[in-house]
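Residues per chain, in single letters:
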Amino acid sequence: MSELRYPNESREYREARDSLLKDERELVEKVKAVAAKRRKLPLGGQLKEDYVFEWANDGKVGQKVKFSELFGDKPSLLIYSFMFGPSWDHPCPSCTSLVDGFDRAWYSVTQDAAFVAVAKAPAKRINEWAKQRGWSQIALLSGANTTYQADYKCQAENDDMQLPVMHVFTRRDGKIHHFWGTESMENHVDTVWAYWNLLDFTPEGRPDRDTPPQTFRSEFLEKHYLD
């Protein structure tokens, strides 16, 4: 029988918590096992073309960059496509929440892998939004003049109908191959989203809402995705 751990807790609480702890440990092991299985995937298809994007970061807005250049000196590239199309008033609130977190993690991640975020909106608009959000680290791209999002299932029937997708590419022997991508739209990058995961720790759990609370609205999203 486990010893009581915290002030004034009951034996009933400790027994229930120990049982949950077992489940939590099993979940961690399952996550590690899935990650190990992912690493053993065979190479995906070779990159369709060396797409040309436009930078959306301060100091180089509109400057062109090839897909192959995004790797820098790293063997792998994570590229997150967020929902912000040419006709959108504001980006997706959920994607914005994710990129908020990615921006702060960017330095640590890029010690081992290249990491960029791309949207279909023009580079200038992405840059303006980045300034509003305080994104200062993550590499930002516009795919306005490429077919990358269409080719890699990051959009539906047109450039405005964007989808949130994380892809990973790897460079081996001078060739770039697709390695992995999110293929489920249900909480597709849930494990790296602070908002939902932090609320999972609370007694109330995840709120029953489509997007996280924000100080802005995306009328395009509400009209075309949520109605």
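These numbers come from a predicted model, not from an experiment.

K.L.:
Sorry if this is basic, but what is going on with the state of the cysteines here?
P.N.:
A covalent bond between the sulfur atoms of two cysteines is what we call a disulfide. By the definition in use, this model includes 0 disulfides. A disulfide-free cysteine, C92 has its sulfur positioned 3.6 Å from the sulfur of C95, the nearest such atom. Judged by relative accessible area, C92 falls into the buried class, the value being 5%.

K.L.:
Sorry, what's going on with the pattern of salt bridges here?
P.N.:
Two side chains that carry opposite charge are able to pair once their charged atoms sit near each other. For the structure on display, the rule yields 13 salt bridges. With its nearest N and O atoms 2.9 Å apart, the salt bridge here joins D190 to R206. In this pair, D190 is assigned in the loop between β7 (175–181) and α5 (194–199) and R206 in the loop between α5 and α6 (219–226), connecting sequence segments 16 residues apart. On the accessibility criterion, D190 (16% relative accessible area) is buried. Salt bridges sharing common partners tie together E9, R14 and D18.

K.L.:
Just checking my understanding: could you explain unusual backbone geometry for this structure?
P.N.:
For residues other than glycine, phi is negative in most cases, and the peptide bonds are mostly trans. Non-glycine residue N8 carries a positive phi angle of around 65 degrees. In this structure, D173 is a non-glycine residue whose phi angle is positive, near 55 degrees. Inspection of the secondary structure assignment puts D173 in the loop between β6 (165–172) and β7.

K.L.:
Explain the sheet that holds β7 here, please?
P.N.:
Pairing between the strands of a sheet is mediated by backbone hydrogen bonds and can be parallel or antiparallel. On the basis of which strands lie adjacent, the open sheet formed by 7 strands has the order β2-β1-β5-β4-β3-β6-β7 and mixed pairing. The open sheet terminates on both sides in strands that have one partner only, identified here as β2 (64–66) and β7. Across the sheet, the mean angle separating the axes of adjacent strands is 35 degrees when strand polarity is ignored. Looking at chain direction, strand β1 (residues 52–55) and β2 are connected through 3 bridges and run antiparallel. The partner of V52 across the bridge, within β2, is K66.

Procedures and definitions
Numbering of residues starts from 1 in every chain and runs along the sequence as written. Residue-level local features of this predicted model are given only where pLDDT is at least 70; pairs of side-chain atoms are given and counted only at 80 or more, and the full residue set underlies all totals for whole chains, interfaces and linings. Side-chain numbers come from the whole structure's heavy atoms, not from hydrogens or water. Criterion for a disulfide: a pair of cysteine sulfur atoms at a distance within 2.5 Å. Buried means the residue's accessible area, taken with a 1.4 Å probe over protein chains only, is under 20% of the maximum for its type, while exposed means over 50%, and partly exposed covers the values in between. Salt bridges are defined as contacts in which a side-chain nitrogen from Lys or Arg sits within 4 Å of a carboxyl oxygen from Asp or Glu. Helix and strand definitions follow DSSP, with helices as H or I runs of at least four residues and strands as E runs of at least two, each counted in order from the N terminus. Each pair of strands is called paired provided DSSP finds at least two bridges between the two strands. Note on geometry: axes are C-alpha line fits, over the in-contact stretch for helices, and angles between N-to-C directions span 0 to 180 degrees.

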